[in-house]
Amino acid sequence: AQTVTQSQPEMSVQEAETVTLSCTYDTSESDYYLFWYKQPPSRQMILVIRQEAYKQQNATENRFSVNFQKAAKSFSLKISDSQLGDAAMYFCAAYAGNNRKLIWGLGTSLAVNP
Amino acid sequence: SAVISQKPSRDICQRGTSLTIQCQVDSQVTMMFWYRQQPGQSLTLIATANQGSEATYESGFVIDKFPISRPNLTFSTLTVSNMSPEDSSIYLCSVEPHPNYGYTFGSGTRLTVV
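Within each chain, residue numbers correspond to sequence positions counted from 1 in written order. Here the convention is simple: chains get letters from A, ligands get numbers from 1, in the order in which they are written. Where local features are concerned, this predicted model is filtered to residues with pLDDT of at least 70; where side-chain atom pairs are given and counted, the filter is 80 or more; whole-chain, interface and lining totals use all residues. The side-chain quantities take in all heavy atoms of the structure and omit both hydrogens and water.

Peer 1: Any chance you could break down the interface of chain B and chain A for me, citing the residues and the numbers?
Peer 2: Contact criterion: two residues are considered in contact whenever any of their non-hydrogen atoms come within 4.5 Å of each other. With 28 residues of chain B in contact, the opposing surface of chain A contributes 19 residues. The term buried area denotes the loss of accessible surface (1.4 Å probe radius) that occurs when two parts are joined, taken as the sum for both partners. Approximately 1,800 Å² of surface area, both sides summed, lies buried where chain B meets chain A, with 50% of it carried by carbon and sulfur atoms. In terms of surface lost to chain A, no three residues of chain B exceed S42(B), Y103(B) and F105(B), which account for 30% of the buried area on that side. By definition here, a salt bridge exists when the distance from a side-chain nitrogen of Lys or Arg to a carboxyl oxygen of Asp or Glu is within 4 Å. There are 0 salt bridges connecting chain B and chain A. Think of a polar contact as two N or O atoms within 3.5 Å of one another; within protein, one of them needs to be a possible hydrogen donor and the other a possible acceptor, and neighboring residues in sequence only count if both atoms come from side chains. Counting across the interface, chain B meets chain A through 7 residue pairs in polar contact (both at pLDDT 80 or more). What counts as a helix is a DSSP run of H or I of at least four residues, what counts as a strand is a run of E of at least two, and both are numbered from the N terminus. Sort the elements by how many residues they give to the side of chain B that touches chain A and strand β9 (residues 89–98) of chain B lands first, with 5 residues. Amino acid classes used here: Ala, Val, Leu, Ile, Met, Phe, Trp, Tyr, Cys and Pro are nonpolar; Asp, Glu, Lys and Arg are charged; the rest, including Gly, are polar. Residues of the side of chain B that touches chain A, tallied by class, amount to 12 nonpolar, 12 polar and 4 charged.

As structure tokens, then:
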């Protein structure tokens, strides 16, 4: 069975500083994809960044980057130069195999302090 | 990526009644997914809806309670039947992953049952 674990229910960061959100996963599949989604109070689920398991290079999207450690099954999200608009719930998710179902972590609530 | 219009955005309903949630996609997609997100929780998959076939329900969800329609490749509905306060949640639809963009989500329906 696939699992996704986020061990930090809440995090906070000062504006303009850097924060790292943790995620570990478990799957027996060799081909899988990992995602970070952001859910602000508007409840819209927004894709932040994605990583294909076969790619060794860590994905980067502007201020967002991941540290993908395949052997350790770790997929952390780093937010640089944090902004007030980054405050949201962040969910780590994974899918593998042909059923295309996403497996979700429990989320991390990120507060950004001015 | 696909754009999904989800309606209604919110509703307050009396217990014992039913509510139908609609998702319209701006492109044809084979698979659509319906999720429930209870207050302060992560997303739980209710069912997968393929056009032209019966929806596939996850453990703990049944068709009598959550009937789903998928009349064509751009539209789906989820009905929450015989509602109770425990059904108060956010309901989200999603479409199959795009190679470049991952999963796309509707804006969610916040349901309160009183």
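Peer 1: Any details on the state of the cysteines? Residues and values, ideally.
Peer 2: Linking two cysteines covalently through their sulfur atoms gives a disulfide. All names here are of chain A. Two cysteine sulfurs form a disulfide in these notes if their separation is within 2.5 Å. Applying the stated criterion across every chain, the model contains 2 disulfides over all chains. The disulfide that involves C23 links it to C92, with 2.0 Å between the sulfurs. The disulfide joining C23 to C92 has a torsion of about -70 degrees about its S-S bond and is therefore left-handed. A residue pair is termed long-range when its members are at least 10 positions apart, and C23 in the loop between β3 (19–21) and β4 (24–26) and C92 in strand β10 (residues 88–96) qualify at 69 residues. A simple rule labels every residue: compare its accessible area, found with a 1.4 Å probe on the protein chains alone, to the largest value its type can have, and call it buried under 20%, exposed over 50%, or partly exposed in between. On the basis of relative accessible area, C92 is assigned to the buried category, the value being 1%.

Peer 1: Which residues make up the sheet that holds strand β8 (residues 75–80) of chain B, and what values do they have?
Peer 2: In sheet architecture, strand pairing relies on hydrogen bonds along the backbone and comes in two forms, parallel and antiparallel. Residue and element names in this part refer to chain B. Strand pairing is assigned whenever DSSP detects at least two bridges linking the two strands. Sheet architecture is open: 4 strands sit in the order β1-β3-β8-β7, paired in antiparallel fashion. Strands at the two margins of the open sheet, each flanked by one partner only, are β1 (4–7) and β7 (68–72). On average, adjacent strands in this sheet sit at an angle of 15 degrees to one another, irrespective of strand direction. Here 6 bridges tie strand β3 (residues 19–25) to β8, and the two strands are oriented antiparallel to one another. Every axis corresponds to a line fitted to the C-alpha atoms, with the helix fit spanning only the stretch in contact, and the corresponding angles, defined between N-to-C directions, vary from 0 to 180 degrees.

Peer 1: Please provide a residue-by-residue account of unusual backbone geometry, values included.
Peer 2: Residue and element names in this part refer to chain B. Between K7 and the following residue, P8, the backbone shows a cis peptide bond with an omega angle of -5 degrees. Summarising the element assignment, P8 is placed in the loop between β1 and β2 (10–13). A positive phi angle, near 45 degrees, is found at N82, a position not held by glycine. With respect to the helices, strands and loops of the structure, N82 is situated in the loop between β8 and β9. Note on N82: relative accessible area 55%, which makes it exposed.

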